[in-house]
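Residues per chain are reported as follows:
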Amino acid sequence: MTQHGAPLVKAFLDQDSETFSYVVYDRPGGQAVVIDPVLDFDYKSGRTRTDTAQQLVDFVREQGLTLHWILETHAHADHLSAAPFIREQLGGRIGIGEHIREVQAIFRQVFDLEQEFLPDGSQFDRLFADGDAFEVGGLRFRVMHTPGHTPADLAYIINEQAVFVGDTLFMPDVGTARCDFPGGSASRLYRSIHRLLALPEETAIYICHDYPRPGREHQCLTTVGAQRRHNIHVHDGVGEAEFVTMRDERDATLAMPRLILPAIQVNIRAGRLPPPDERGKVYLKIPINQL
């Protein structure tokens, strides 16, 4: 069996959405993937920029890396994906979980999308299933389906030493992801989290968002052991019924994410904008009284 060392990880924080994106690679000059890249979007003007994503592109080039995959942990509701820009600059394929089809079907109705939009996942280059495995240079990936926040969430376990959990877990002092989006489930999230927390205690956990309280800087790295001991929502000893009650009550107090309406429309298309009209202009929709 091939021995795989610890993956090398470079994190990039988008301050606007408090999102961490990652370049993960086996060695300088080696093979790499990008996880959860962010496209800058100004809601007030409707303008997009690629400043944040360009930082990832620059790092990949500076390190002499070959990019194989742009991996999404799920269809994000708080930022737009920069996957198409990354692929245009560096190559690679775009992957997400196979249950994205359920999310697409839900939001095709919410946004009354064009007939040509098919909720079959074909917008992505690959749909991963629970238990799928693949290799990129010295990186071996194992895919874990972690539904609850959305039906389609995935975690990517790399070399059995690090796991990228998307919006499933946050830092221990912040807790866990909300479950009140269409298709979400606090019960399923609890079970998904406990699959993650069954990994060895020393396993590194890289989170997608951090919402630090005053006095703490943004952080992206924790461990399975730290989560089991200190996560304010789901530490050892918290049962499923207790967690579901807490999560449901908390979710009822939360406002919708600021960018959910543009983000979902774009992210279920693998980061592509909607097709232009006959004049070449692109529009996003705002559904009224539906969310």
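Residues numbered from 1 in each chain as written. Predicted model: local features only at pLDDT ≥ 70, side-chain atom pairs only at ≥ 80, totals over all residues. Heavy atoms only, no water.

## Topic: empty space enclosed by the protein
- This structure, assessed with the given rule, holds three cavities of 30 Å³ or more.
- Space inside the largest cavity adds up to approximately 90 Å³.
- Along the wall of the largest cavity there are 13 residues; nearest its centre are A75, F107, T150, F181 and I264.
- Looking at the lining of the largest cavity, its residues break down into nine nonpolar, four polar and no charged.
- Here the second largest cavity is characterised by a volume of approximately 40 Å³.
- Forming the boundary of the second largest cavity are E72, H74, A75, H76, S81, F124, N267, A270 and G271. (1 Å grid on protein atoms, 1.4 Å probe; cavity = no way out; pocket = protein on both sides within 12 Å on 5 of 7 lines; lining within 4 Å. Points joined across faces, edges and corners; volume = space filled by probe spheres on them. Nonpolar A, V, L, I, M, F, W, Y, C, P; charged D, E, K, R; others polar.)

## Things to note about unusual backbone geometry
- The backbone phi angle of D36 is positive, close to 55°, even though this residue is not glycine.
- Mapped onto the fold, D36 is located in the loop between β3 (31-35) and β4 (38-42).
- By relative accessible area, which is 2% here, D36 ends up buried.
- At N159, a position not held by glycine, the phi torsion is positive, near 55°.
- Tracing the backbone shows N159 in the loop between β12 (154-158) and β13 (162-164). (Helix = DSSP H or I, 4+ residues; strand = E, 2+ residues; numbered from the N terminus. Buried < 20%, exposed > 50% of the residue type's maximum accessible area, 1.4 Å probe, protein only.)

## A few points about the state of the cysteines
- Taken as a whole and judged by the stated rule, the model has zero disulfides.
- Looking at the unpaired C179, the closest cysteine sulfur is the one in C208, lying at 15 Å.
- In this structure C179 comes out as buried when scored by relative accessible area, which is 7%.
- Here C208 stays unpaired: no disulfide links it, and the sulfur of C220, its closest cysteine neighbor, is 11 Å away. (Disulfide = S-S within 2.5 Å.)

## Quick look at the side chain of H149
- Residue placement: H149 occurs in the loop between β11 (139-145) and β12.
- Within the local environment of H149, its side chain forms a polar contact with the side chain of D167, the two groups lying 3.4 Å apart.
- At 2.8 Å, the side chain of H149 and the backbone oxygen of R178 are in polar contact.
- For H149, the residues in contact, after removing those within four places along its chain, are H74, D167, A177, R178, C179, F181, G184 and L189. (Polar contact = N/O pair within 3.5 Å; in protein donor to acceptor, adjacent residues only side chain to side chain. Contact = heavy atoms within 4.5 Å.)

Any link to function would need more than the numbers given here.
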